[in-house]
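What follows is the residue order along each chain.
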Amino acid sequence: MAGGRPQGAGLSAWGIHHDAMVRWYAFKSNPFPSAEHCARTARGAGLLKEKVPMSVRESDCFPDCLSVSRSARKAGKKAIRTVHGVRGAAPQALATLLGAEAAAFALSCGFTGKPGQLVLVPDAGGAPVGLFGLPEKGLRDPYLFGTLAQDLPAGDWRVETPADCAREDVILGFCLGAYQFSLKSTETAGKADKPRLVVTEAEQAGLAVETARSVCLARDLINTPANLLGPSDLARAARAALAPFGAEVEIIKGAELEKAYPLLAHVGNGSERGPRVAIARWQGSRAGEKAPLISLVGKGVCFDSGGYDLKPSSGMLRMKKDMGGAASVLALARLIMTQDLPVRLEVRLGCVENSVSGHAMRPLDVVKSRAGLTVEIGNTDAEGRLVLCDLLSEAGEHAPDLLLDIATLTGAARVALGPDLPALMSNDDTVAQAILDAGHRQADPLWRLPLWQGYAGWLRSPVADLNNISSKPMAGAITAGLFLERFVNAGQRWAHIDSYAWNDSSRPGRPEGGDSPGVRALFDALCRIFETKTDAMS
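Residues numbered from 1 in each chain as written. Predicted model: local features only at pLDDT ≥ 70, side-chain atom pairs only at ≥ 80, totals over all residues. Heavy atoms only, no water.

A short note on the environment of aspartate 429
Then, in step 1: Along the chain, aspartate 429 turns up in helix H18 (residues 429-441).
Then, in step 2: A relative accessible area of 57% means that aspartate 429 is categorised as exposed.
Then, in step 3: It is 9.6 Å that separates the C-alpha atoms of aspartate 429 and arginine 493, two residues lying 64 residues apart in sequence. (Helix = DSSP H or I, 4+ residues; strand = E, 2+ residues; numbered from the N terminus. Buried < 20%, exposed > 50% of the residue type's maximum accessible area, 1.4 Å probe, protein only.)

A word on the packing of helix H15 (residues 324-338) against helix H20 (residues 519-529)
Then, in step 1: Where H15 contacts H20, the axes come no closer than 10 Å and their chain directions differ by 40°. As far as their axial angle goes, H20 and H15 are oblique. The two elements H15 and H20 cross, and the hand of that crossing is right-handed. Taken together, the residues of H20 that come into contact with H15 (itself represented by Ser328, Ala331, Leu332, Leu335 and Ile336) are Val519, Leu522, Phe523 and Leu526.
Then, in step 2: Partitioning the contact of H15 with H20 into residue classes produces 8 nonpolar, 1 polar and no charged. (Axes fitted to C-alpha atoms, helices over the stretch in contact; angles between N-to-C directions. Parallel < 35°, antiparallel > 145°, perpendicular 65-115°, else oblique. Left-handed = near helix turned anticlockwise from the far one by under 90°. Contact = heavy atoms within 4.5 Å. Nonpolar A, V, L, I, M, F, W, Y, C, P; charged D, E, K, R; others polar.)

A short note on the pattern of salt bridges
Then, in step 1: What the rule picks out here adds up to 25 salt bridges.
Then, in step 2: Here glutamate 203 and arginine 167 are joined by a salt bridge, their closest N and O atoms 2.9 Å apart. Separated by 36 residues along the polypeptide, glutamate 203 in helix H9 (residues 201-204) and arginine 167 in helix H8 (residues 167-178) bring together distant segments of the chain.
Then, in step 3: Its relative accessible area of 26% is what places arginine 167 among the partly exposed residues.
Then, in step 4: Across the salt bridge formed by arginine 441 and aspartate 524, the nearest N and O atoms sit 3.2 Å from each other. Of this pair, arginine 441 sits in helix H18 while aspartate 524 sits in helix H20, and the two are 83 residues apart along the sequence.
Then, in step 5: Arginine 441 gets classed as partly exposed once you look at its relative accessible area, which sits at 23%.
Then, in step 6: Through salt bridges with shared partners, one network takes in Glu346, Arg348, Arg370, Glu394 and Glu397. (Salt bridge = Lys/Arg side-chain N within 4 Å of Asp/Glu carboxyl O.)

Some points on H20
Then, in step 1: Summarising burial for H20: 9 of the 11 residues are buried, a large majority.
Then, in step 2: Along H20, the residues that are buried comprise Val519, Arg520, Ala521, Leu522, Phe523, Asp524, Ala525, Leu526 and Cys527.
Then, in step 3: Following H20 by one or two positions, glutamate 531 adopts a phi angle in the positive range, close to 50°.

A look at the sheet that holds strand E8 (residues 276-283)
Then, in step 1: Here 8 strands make up an open sheet; going across it, the order is E7-E8-E10-E9-E13-E17-E14-E15 and the pairing mixed. At either end of the open sheet lies a strand with only one pairing partner, and these are strand E7 (248-252) and strand E15 (447-448).
Then, in step 2: In this sheet, strand E13 (residues 402-407) lies alongside strand E9 (residues 293-304) in parallel orientation, the contact comprising 5 bridges. For glycine 298, the partnering residue across the bridge sits in E13 and is isoleucine 406.
Then, in step 3: Strand contacts of H15: E8, E9, strand E10 (344-354) and E13, with the helix running at about 145° to E9, the strand carrying the most contacts.
Then, in step 4: Of the strands in this sheet, E8, E9, E10, E13 and strand E17 (494-498) touch helix H16 (residues 384-396), which is tilted by about 155° from E9. (Pairing = 2+ DSSP bridges.)

Quick notes on the nonpolar core
Then, in step 1: Grouped together as the largest cluster of nonpolar side chains are 61 residues, with contacts concentrated most on Leu242, Leu296, Leu332, Ile336, Leu345 and Leu349.
Then, in step 2: Non-local contacts of leucine 349, meaning those with residues more than four positions away in its chain, are made with Ala238, Arg276, Val277, Ala278, Gly298, Ala326, Val329, Leu330 and Leu391. (Core = buried A, V, L, I, M, F, W, Y, C linked by side-chain atoms within 4.5 Å.)

Overview of the packing of aromatic side chains
Then, in step 1: In the structure shown here, the tally under the stated rule is 3 aromatic pairs.
Then, in step 2: Both rings, one in phenylalanine 132 and one in phenylalanine 145, keep their centres 5.6 Å apart while their planes meet at 40°; by these two values the pair is tilted. Placement of phenylalanine 132 in strand E4 (residues 128-133) and of phenylalanine 145 in the loop between E4 and helix H7 (146-151) is noted, with a sequence separation of 13 residues between them. Considered together, phenylalanine 132 and phenylalanine 145 belong to a single accessibility category, that of buried residues.
Then, in step 3: Taking the centre distance of 5.3 Å and the plane angle of 50° together, the rings of phenylalanine 483 and phenylalanine 487 count as tilted.
Then, in step 4: Phenylalanine 483 gets classed as buried once you look at its relative accessible area, which sits at 0%.
Then, in step 5: Across the ring face of tyrosine 143, the terminal group of arginine 510 is positioned such that the distance to the ring centre comes to 4.1 Å. (Phe/Tyr/Trp six-rings, centres within 6.5 Å; stacked < 30°, edge-to-face > 60°. Lys NZ or Arg CZ within 6 Å of the ring centre and 35° of its normal.)

So far we have only geometry, and geometry alone does not tell us how the molecule works.
Have a look at this one:
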C-alpha cells in the first residue's frame, strides 16, 4: 500500500541502499495504526530503531480509494455520484430508482442485474449513475464489489444497497479491488484519478478498512521479489508492521538461532542470506495476565529453489510467494491488534531461504530438532515443515490456548483443493468447526483434511525418529500435517493451514499475485472461540 494507497510497494527509488529501501517498503506496507494504538505505543517507541524516510511518514492517507464524507454541507461541495445495487432488472423497480428514460436506457444496454454487472446511465442532468448487480440474497461475496474499484470512472461514488447487503462487504471489496502492485520505473503512481468510495469517518476507521489494510500488507510482502525481500528483510518488515501497535518484537539470528532452532538453521545453511526468527509478543489493553494466549506460527521461506532436490524452472517461477504463510500470519496478527482483542498474542515467523551451495543441507542428513526428535532429510524440497517444527515446539512451551500455523506447505493440497481453498487440519474438532463456520460466514472458505493416523507410519526412517517426507506418493498434504503434529504437545489445541497464497489470474477483488485467503475466517473464528464481540460477529 504505497504512500498510504493500495498501490503496492512502488519501489521507484532504486538509487537508495537496499536495506533502506526495504525499510521504506516495510513502513509503506504498514497501514498506519490508529491514534489510540500510537499513543499506547509511544512509551515503547525504542522498539523501532531504524529510521523511516519522512516522505513515507507523510503518506498517512490509506487508502486513497476512499473519500470521507464528514458532513452533508462539505459533501455538497464536490460532485458525488451514486451506484445503486440491485438484484434483477425489473423495469418498474429500475424506473423507481432512475426514472423511466434512464431505466429504459439501462435495459437497452443489456443490463440484467446479474451479480457483478455494472452499467452507467445518464441522469436527468446528464451525469452518470451506476447500476450494479448484487449477490443473490443470503449470499455474501465481498470480492464482487472490487469490480466497482476497477470499472467506475474517476470521482467520488456513493454505493446504495438494500439493508440485507452488508455495508462492510461493499467497503472491503472496493478496497481489495483497488489494490495494485507495480515496480515500474515509468509509473506515475497516485497521479491518475481513480474512483473513490464515499464512506463515513467511522467506516474509514472500521473493521472492513482495517481488514483491507491487513490483507494488502500480506499481498505487498508476497508480491515483493525475493532479491528485495530476504530473511532479514522479512523479519524487519514484521517489526515495522507490529511494533507500532505495542508489540515487543525480537529478531534472532546467528549462533543463538542455530542453537534454538536447529532444523530451521539447517534449511538456511545454503544461502548467503542467513535465516532469522522474528518473535512478537502483544497483549490487548483489556487483557489481563490470565487472558487467552494465542500463538501464531508462519512459514517465511523467502525463496525456495528446492535445495539439492532442485525444482524445475517452472516450479520456481512463483517461489517468491513461499513466505505467504508468514505474510498471512502478519495480516492476522495486525488485524487482532487493530481491534484490540482482549487476548495475549505471540507470533513466530521462520524467515529463511532454501538455496543450493556447498553449505546447503543434503538428502539423508540427520538433524536433532529443538524437541529432541531426530529428523532425516528425505527431500530438501520439503523444507517448510522443517522451518515450522522448531517454532511449533517453542510455541508449545508456553502452553497457548490455541496454536495456529499457516504455510504454503504442499503442492498436494493444491492438487486436492485447487488455489482458492486453503487446507485446514486440526487435532480439535471444535476448533476446526469454528474455523469452517467462520469461513462460511465471511465468504472466506477453507476445507478440512483429516490428520489420518493410519498414514503416520509413512514417515518412518531407518536411522532417525522420523523422515521429513512420506514413503508413499499419496496424501502429501496429510502426511505433512502429521509430521508437524509430532512437534505439537499432547493436549495442545492446534490448527494447521496449508495455503496457496496466490491468485493465478485477476478476478474482482483478487488481482493476480499474492493473497492471504483464510485470514478473515481465522479472525472471525478467534473472536468466536474466545467469545470476543467485534464487528466480525455480524
